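Listed here are the chains, written in short residue letters.
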Amino acid sequence: MDIEEKQADLIDYFVKQAQSLTGASLAGVVVDATSHPSLFAFSEILSVPNVAELQGTEHSKYLDLLQLFAHGTWNDYKSNAVSLPILAPDQVRKLKQLSVLTLAETSKVLPYDQLMQELDVSNVRELEDFLINECMYAGIVRGKLDQWRRCFEVQFAAGRDLRPAQLDGMIQTLSSWLATSDNLLLTIQEKIRWADTMGELEKKHRKEVEDRIDEVKKNLKHLTYSMAEATNYKQADMDLRGHEEYSEPGVMDYEEDRSRPKRRRQPLV
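Given the structure is predicted, the values throughout are model-derived calculations rather than measurements.

Engineer: It is not clear to me how the pairing of strand β2 (residues 141-146) should be interpreted in this structure. Could you clarify?
Structural biologist: The two faces of a sheet get side chains in turn, since along a regular strand they alternate between them. By the bridge criterion, six bridges tie β2 to strand β3 (residues 151-157) in an arrangement that is antiparallel. Its bridge partner being in β3, Leu145 is matched across the sheet by Phe152. Linkage of β2 to β3, two consecutive antiparallel strands, is achieved through a turn of four residues, within which Arg150 is found at a positive phi near 55 degrees.

Written out as structure tokens, the structure reads:
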């Protein structure tokens, strides 16, 4: 099961818990949710009416705590620790994990010095252990630890709950993306129509060429036949003329010679 599926199941569980409880029991649900090692999204729990009703009560600080885990960082907690419940070690670790996700939203190259300051880590070894064991192994980030450049190169980071101020910007970004997608779709459709038209023209041209080739073949066949006939006629004519030229002039036909009277020889004196 990947992190998204785990999140969905856990969110569903804690939402149902929050819907059925109030007061101190509901505050306990908030503590459990913010301590769970696999839960990193809290806006659905915040939207439960029972949770919103904690505002103005003796348990309102748990509503503030839930809002902190939804949108805040470790530094935000330190700045408002007086008005918030004391965090258990699991909650501290979770809030530091969420702080890494917040930093990854704005930059994909996170300097070690910045991370150590944001997470209250005193040395590089401790920082790298936290990034590997608590962030990468948890599946909320993927990246490369660059000790030479002293930075963490983020390749993937899970998203956090949207802050109310981010909603308008997100809507604008999505609207712009939608408009760009529509324009791209129109361009693709025009390219498809152009390709279809060119395909039809190519088929028509190929048919014309094939018809022309067939016509030339027929004409060549007819021409070859005519030339053969002419050659045969010429050969026959030459044969006839050759026969006439072969007959010697002055030689009488045998029948013609018999029809003539024979001459008498005169006696010698």
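Engineer: It is not clear to me how the sheet that holds β2 should be interpreted in this structure. Could you clarify?
Structural biologist: Whether parallel or antiparallel, the strands of a sheet pair through hydrogen bonds between backbone atoms. Within the open sheet, the three strands sit side by side as β1-β3-β2. Their pairing is antiparallel. In this open sheet, the two edge strands, each paired with only one partner strand, are β1 (109-111) and β2. Between one strand axis and the next, the sheet turns through 25 degrees on average, direction left out of account. Those strands touched by helix α8 (residues 112-119) are β1, β2 and β3, and its axis lies near 70 degrees from that of β1. Contacting β2 and β3, helix α9 (residues 124-136) crosses the sheet at an angle of about 160 degrees to β2.

Engineer: Quick question: what am I supposed to make of the packing of aromatic side chains here?
Structural biologist: Each pair of aromatic rings is reported with the distance of its centres and the angle of its planes. Summed over all chains, the structure comprises three aromatic pairs. Ring geometry for Trp74 and Tyr77: centres 5.7 Å apart, planes at 20 degrees, overall stacked. A residue pair is termed a helical-turn pair when its members lie 3 or 4 positions apart in one helix, as Trp74 and Tyr77 do in helix α6 (residues 74-79) at three residues. Exposure class is identical for Trp74 and Tyr77. Each is buried. The side chain of Lys94 reaches across the aromatic face of Phe40, ending 5.1 Å from its centre. Geometry around Trp74 places Lys96 over its ring, the cationic atom sitting 5.2 Å from the centre.

Engineer: Would you explain the pattern of salt bridges in this entry?
Structural biologist: When the charged atoms of two side chains lie near each other, side chains of opposite charge can form a pair. Enumeration over the complete set of coordinates arrives at 12 salt bridges. We note a salt bridge from Arg93 to Glu134, for which the minimum N-O separation is 3.6 Å. Taken together, the residues span a long stretch of sequence, with Arg93 in helix α7 (residues 89-106) and Glu134 in helix α9 at a distance of 41 residues. Assessed through its relative accessible area of 27%, Arg93 is described here as partly exposed. Of the residues examined, Glu134 reaches a relative accessible area of 27% and is grouped as partly exposed. Within this structure, Asp90, Arg93 and Glu134 form a network of salt bridges that share partners.

Engineer: I would appreciate a short explanation of helix α2 (residues 23-35) in the present structure.
Structural biologist: Side chains three or four residues apart in an α-helix point the same way, a direct result of the helix having 3.6 residues per turn. With 13 residues, α2 should cover 18 Å at 1.5 Å per step; its first-to-last C-alpha distance of 19 Å lies within 8% of that length. By the burial criterion, the buried members of α2 are Leu26, Ala27, Val29, Val30, Ala33, Thr34 and Ser35.

Engineer: Looking at this model, I keep getting lost on α8. Mind explaining?
Structural biologist: Inspection of α8 places Tyr112, Leu115, Met116 and Leu119 among the buried residues, and these make up the whole buried set. Along the axis of α8, the buried residues cluster in a sector spanning 100 degrees; they form a single face. Counted as exposed and oriented over 90 degrees from the buried face of α8: Asp113 and Gln117. Buried residues along α8 sit in contact with α6, α7, β1, α9, β2 and β3. Just downstream of α8, Asp120 is the residue with a positive phi angle, here 55 degrees.

Engineer: I tried to follow the packing of α2 against α7 on my own but got confused; where do I start?
Structural biologist: Relative placement of two packed helices is described by the angle separating their axes and the distance separating the axes. Contact pair α2 / α7: the axes reach a minimum separation of 8 Å and the direction vectors enclose 55 degrees. As far as their axial angle goes, α7 and α2 are oblique. From α2, Val31, Ala33, Thr34 and Ser35 reach across to α7, where they touch Asp90, Gln91 and Lys94. Class assignment of the residues belonging to the contact of α2 with α7 gives a composition of two nonpolar, three polar and two charged.

Engineer: For this particular structure, what's the right way to read the confidence of the model for the chain?
Structural biologist: When pLDDT drops low, the exact placement of atoms in the prediction is not to be read closely. Considering every residue of the chain, the mean pLDDT works out to 87; 85% of them sit at 70 or more. Looking at the elements of the chain, mean pLDDT is at its lowest for helix α11 (residues 254-259), recorded as 52, and at its highest for β1, recorded as 98.

Cut-offs used in this document
- Residues numbered from 1 in each chain as written.
- Predicted model: local features only at pLDDT ≥ 70, side-chain atom pairs only at ≥ 80, totals over all residues.
- Heavy atoms only, no water.
- Pairing = 2+ DSSP bridges.
- Helix = DSSP H or I, 4+ residues; strand = E, 2+ residues; numbered from the N terminus.
- Axes fitted to C-alpha atoms, helices over the stretch in contact; angles between N-to-C directions.
- Contact = heavy atoms within 4.5 Å.
- Phe/Tyr/Trp six-rings, centres within 6.5 Å; stacked < 30°, edge-to-face > 60°.
- Buried < 20%, exposed > 50% of the residue type's maximum accessible area, 1.4 Å probe, protein only.
- Lys NZ or Arg CZ within 6 Å of the ring centre and 35° of its normal.
- Salt bridge = Lys/Arg side-chain N within 4 Å of Asp/Glu carboxyl O.
- Expected span 1.5 Å × (residues − 1).
- Arc of directions from axis to C-beta.
- Parallel < 35°, antiparallel > 145°, perpendicular 65-115°, else oblique.
- Nonpolar A, V, L, I, M, F, W, Y, C, P; charged D, E, K, R; others polar.
- pLDDT = per-residue confidence, 0-100.

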